[in-house]
Every structure is written in C-alpha cells, then in structure tokens.
Amino acid sequence: MRRTLLFIMEWLWRLLFLNAIWLLFSLPIVTIIPATAAMFGVMDRLVREDQDEPDFKVFIREFKRLFLKSYPLGLSIVIIGGLLFVDLLILRNAISDMTEIIRVAVLAFTLLFLIAVSYSFPVFLRYEYPWYKTLFFSFMLGVRKPVITFLMSCGFLLILLLLLFVTGIGVLLIASLTALISTVSAHYIINRLPKITLKEAGENL
C-alpha cells in the first residue's frame, strides 16, 4: 500500500512539475508548439521507463532539439483545426438540406482529425515523419484500436470536466495529464504492431 501511494505521489509531482514547465515555456505563445513537443518528449521517456535524468534537463534538451522540427506538425494542426472550427461556426445554423449535409460532413471530418491529433505527437517523436505522414499514421493507430481510442477520449473528457469543475487543479494538470494519456495510448497500440509495419508504409507514401 505504501509503495503504491509513493508511486502515485511521485507521478503526481512529475505531472505538476512538467505542466508548470510547459506553461512557463509556452508564455511567449509562439513557443507553445516546441514546448508541447518537449513535454511529450519527456513523457515518452517516462512511459518507456528510459528516464534517468532530471525531467527539467530532458525538457530543455528536447525543447532545443525539436524547436524547428515541431513547427510543421504544430502549425498544420492549428491551421486545419482553425479552418474546421470556422466552418462549423458558419454552418451551425444550417437552413437547407445541402448545408445540413455539409455540416455533418465537416463534423465527421473533425472527429477523424481529432483522432489523428490525439496520437500525433507520440507518433512524431518515435518516427519523425513529415507532418502529413504523422497525421496519417496517427489516424491509422486510432482506427486500428477503437476501444483504446474510446478510452483515451474518456480520459480527455475527464480532464475537461476537471478543468470545468475543479479549475485550479485542472489548470495545474491539463497539459501533462493529456500528454500522459495520449502517450500511454499510443505506446500500447504501437508496441502491439509488427515493428516494420509503419516504417514500410511511411516509405511507400
């Protein structure tokens, strides 16, 4: 029991600390993308139990390494997500059958896009594909194991509820807890795939 409690407290401290670092490095706004990539880099090492260095030291190293590499993926997510959001705002009051069909299609595409985004940073960190391949393979992971994707979505929903109803704790954990859920889900699926599958598919694209 004591060992379990110590394990939980250790992970809680790491999540709080990692979230604080992420917030600090995201303050200039323009650095939020490499800060997010660095946070996922630390989480990737923690989940794989390949972390013997202080989290802050790893974060700084990943932030520098991924500073430029992460922008294509991050900006593509922001741009595509922004366009989908604007489309949904425009189509929210559909007044004809045609606009209703378009709205449903945009909603469906948004759902598929969110599935891809949910796995995108863990996939990018492992394979370092271009942004479009990263999103494609992330989507493949999501549809390959729909149960895991559903459970991951439930985890994200719990984080949202935490943010809405226990705002203080939610703000302190929102980024790092999201990264933990996403990374664990991605690793679970990737580790059960034939090791050559994604690499061969990526080379054929």
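Heads up: these notes are all about the structure in this document. (Residues numbered from 1 in each chain as written. Predicted model: local features only at pLDDT ≥ 70, side-chain atom pairs only at ≥ 80, totals over all residues. Heavy atoms only, no water.)

1. Here we look at the packing of helix α1 (residues 2-26) against helix α3 (residues 55-66)
Two elements in contact, α1 and α3, have axes separated by 11 Å at closest approach and are oriented at 35 degrees. The two elements α1 and α3 meet at a crossing, and its hand is right-handed. Residue-level contacts link Arg14, Phe17, Leu18, Ile21, Trp22 and Phe25 of α1 to Asp55, Phe56, Phe59, Ile60 and Phe63 of α3. Within the contact of α1 with α3, the residues separate by chemical class into nine nonpolar, no polar and two charged. (Axes fitted to C-alpha atoms, helices over the stretch in contact; angles between N-to-C directions. Helix = DSSP H or I, 4+ residues; strand = E, 2+ residues; numbered from the N terminus. Left-handed = near helix turned anticlockwise from the far one by under 90°. Contact = heavy atoms within 4.5 Å. Nonpolar A, V, L, I, M, F, W, Y, C, P; charged D, E, K, R; others polar.)

2. Observations regarding the packing of helix α4 (residues 70-91) against helix α5 (residues 97-127)
Taken N-terminus to C-terminus, the directions of α4 and α5 make an angle of 160 degrees; their axes are 10 Å apart at the nearest point. With respect to α5, the axis of α4 lies roughly antiparallel. Judged by the sense of rotation from one axis to the other, the crossing of α4 with α5 is left-handed. Residue-level inspection shows Ser70, Leu73, Ile77, Ile80, Gly81, Leu84, Asp87, Leu88 and Leu91 of α4 in contact with α5, the latter providing Thr99, Ile102, Arg103, Val106, Leu107, Phe109, Thr110, Phe113, Val117, Ser120, Phe121 and Phe124. Partitioned by chemical class, the residues of the contact of α4 with α5 number 14 nonpolar, five polar and two charged. (Parallel < 35°, antiparallel > 145°, perpendicular 65-115°, else oblique.)

3. Some thoughts on helix α7 (residues 146-165)
Across its 20 residues, α7 extends 28 Å between first and last C-alpha, which sits within 8% of the 28 Å expected from 1.5 Å per residue. For α7, the full list of buried residues reads Ile148, Thr149, Met152, Gly155 and Ile159. Taken down its axis, α7 places every buried residue within 115 degrees of arc, on the same side. For α7, exposure combined with an orientation more than 90 degrees from the buried face picks out Pro146, Val147, Phe150, Leu151, Leu158, Leu164 and Phe165. (Expected span 1.5 Å × (residues − 1). Buried < 20%, exposed > 50% of the residue type's maximum accessible area, 1.4 Å probe, protein only. Arc of directions from axis to C-beta.)

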